[in-house]
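So you can see what is in the structure, the chains are spelled out below.
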Amino acid sequence: MHTTITGNRLHRILGRTAAVTFFAAAGTLGLHAQQSAGTASPLPPVNIKASLVTPLNLSTPDDLGYSSSTGSAETASAVDFNLSSDVSQPPPRRRYSRPNYSDSHTNADGSAKYTFLVGGGFTLPTGGTHNYATPSWKIQAGVGRNFNKTFGVIAQFDYDKFGIQTSTLNNQLALYNNLCPTCGFPQISGNVHDWSFTLNPIVNYYTSDTLGAYVVGGLGFYHKYTNFTTPVTGTCFDPYYGYYQCSANQSIDWYTSNAFGVNAGLGVTYKVSRFASTRFYAEARYVWTDNKPRPFDVSGTTSYFNAFPQASARTTYIPVTFGLRF
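Residues numbered from 1 in each chain as written. Predicted model: local features only at pLDDT ≥ 70, side-chain atom pairs only at ≥ 80, totals over all residues. Heavy atoms only, no water.

Engineer: Looking at this structure, how should I read the side chain of D297?
Structural biologist: Secondary-structure assignment places D297 in the loop between strand 8 (279-289) and strand 9 (315-325). Buried D297, no salt bridge; nearest opposite-charge side chain is R294, N-O distance 11 Å. A polar atom in the side chain of D297 sits 2.8 Å from the side chain of T302. When sequence neighbours within four positions are dropped, the list of residues in contact with D297 reads T302, Y304, F305 and N306. (Helix = DSSP H or I, 4+ residues; strand = E, 2+ residues; numbered from the N terminus. Buried < 20%, exposed > 50% of the residue type's maximum accessible area, 1.4 Å probe, protein only. Lys, Arg positive; Asp, Glu negative; His and termini not counted. Salt bridge = Lys/Arg side-chain N within 4 Å of Asp/Glu carboxyl O. Polar contact = N/O pair within 3.5 Å; in protein donor to acceptor, adjacent residues only side chain to side chain. Contact = heavy atoms within 4.5 Å.)

Listed below in structure tokens is the structure:
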């Protein structure tokens, strides 16, 4: 029994040893065959340094292995960059002109074609007008056409009012009571107003995002009206109360005078927001109107009556105006 077991074990050992030897021999033969083939046709050596310094050739996109028909068309339509050393200057820069904003409401420089203004302020009589008139108030309105940021023309309406000095009123009261002793005027009051239509060129010599300055001048038609009144007691009517006694000023003497006039002055503007076109403005002008003087005549023997020659005298004053321009 012991002898049989020992013989079987010996056979298994010998069989395993033979199998290992066979596989080892086969692997050795395969490796030898590969080495023999490599010796017969050797691969060329790779020069990494030469590959790095060789210029990149982009003229043949097929070298990139991009063989798709669609990809070839896209590659052919791509921008061709010339990397050769012959090109020493960059391509010329494109020139761009100023943007043109011109349309029905805007000029080519971006300024608005049309402008509107409204304002009010006070009047200061000067020269001979200062001898009988006192400061008062004014209103102003206008519309203009801007030809660019610098130059424009404004059509303007002004209503300038003045009071009459107390000494002048006292002299006129004595004169009227002397001419009409039975009238017995207790007192009189009076005022002068000068309304005008003018055409005014304007030059904006300084403009920024918020501030501006301009010079303006104009000429046009001026209508001067002088009126003297006295208080009277009369009967008034109210829909609720009916008739009642009231006091009112009644005109006793008035004069009109039409004349050609000119004006000139300076102004400043202030823009609250750079994104809005509305500006506040303040200006002062000098106004001169060429009224034709008429002589004093209360004789009653001529075709006219003139108890106040100053009403037809030349008029000069300074209107100061504050307002909005948009």
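Now that the structure is up, let's keep going.
Engineer: Help me understand the pairing of strand 3 (residues 136-146) in this model?
Structural biologist: Successive residues of a regular strand alternate their side chains across the two faces of the sheet. Strand direction decides the pairing type here: strand 1 (residues 114-125) and strand 3, joined by 10 bridges, are antiparallel. Counterpart to T115 in the pairing with strand 3 is G144. Where strand 3 lies against strand 4 (residues 151-164), 9 bridges are found, and the strand directions are antiparallel. Following the sheet pairing, V143 is matched in strand 4 by A155. Counted along the chain from strand 3 to the antiparallel partner strand 4, the turn is 4 residues long. (Pairing = 2+ DSSP bridges.)

Engineer: Would you explain the pattern of salt bridges in this entry?
Structural biologist: One side chain can pair with another of opposite charge once the charged atoms of both are near each other. Applying the stated rule across the entire model yields 5 salt bridges. The salt bridge partner of D160 is K138, with a shortest N-O separation of 2.6 Å. In this pair, D160 is assigned in strand 4 and K138 in strand 3, connecting sequence segments 22 residues apart. Accessibility classification places D160 together with K138 in one group, the buried group. Residue R314 pairs with D290 through a salt bridge whose shortest N-O separation is 2.7 Å. With R314 in the loop between strand 8 and strand 9 and D290 in the loop between strand 8 and strand 9, this residue pair connects regions lying 24 residues apart in the sequence. Look at R314 and you get partly exposed, because its relative accessible area is 44%. Its relative accessible area of 18% is what places D290 among the buried residues. One salt-bridge network, held together by shared partners, links K138, D158 and D160.

Engineer: Sorry if this is basic, but what is going on with the side chain of E283 here?
Structural biologist: Assignment of secondary structure puts E283 in strand 8. Classification of E283 by relative accessible area gives buried; the value is 4%. Of the polar contacts made by the side chain of E283, one reaches the side chain of Q140; its length is 3.4 Å. Only 2.9 Å separates the side chain of E283 from the side chain of R285, close enough to count as a polar contact. For E283, the residues in contact, after removing those within four places along its chain, are Q140, Y214, V216, L266, G267, P319, V320, T321 and R325.

Engineer: Please clarify how the state of the cysteines should be interpreted in this entry.
Structural biologist: Disulfide: a covalent bond connecting the sulfur atoms of a pair of cysteines. Across all of its chains, the model carries 2 disulfides by this definition. Each sulfur of the disulfide joining C180 and C183 lies 1.8 Å from the other. Handedness here is read from the sign of the S-S torsion; for C180 and C183, about 70°, the answer is right-handed. The disulfide partner of C236 is C246, and the S-S distance across this bridge is 1.6 Å. Measuring handedness by torsion sign, the sulfur bridge of C236 and C246 sits at about 60° and is right-handed. With C236 in strand 6 (residues 211-238) and C246 in strand 7 (residues 242-271), the pair connects residues that are 10 residues apart, well separated along the chain. Its relative accessible area of 24% is what places C236 among the partly exposed residues. The connectivity of the disulfide-linked cysteines in the chain, indexed sequentially, is 1-2, 3-4. (Disulfide = S-S within 2.5 Å.)

All we've got here are geometric facts, nothing functional implied.
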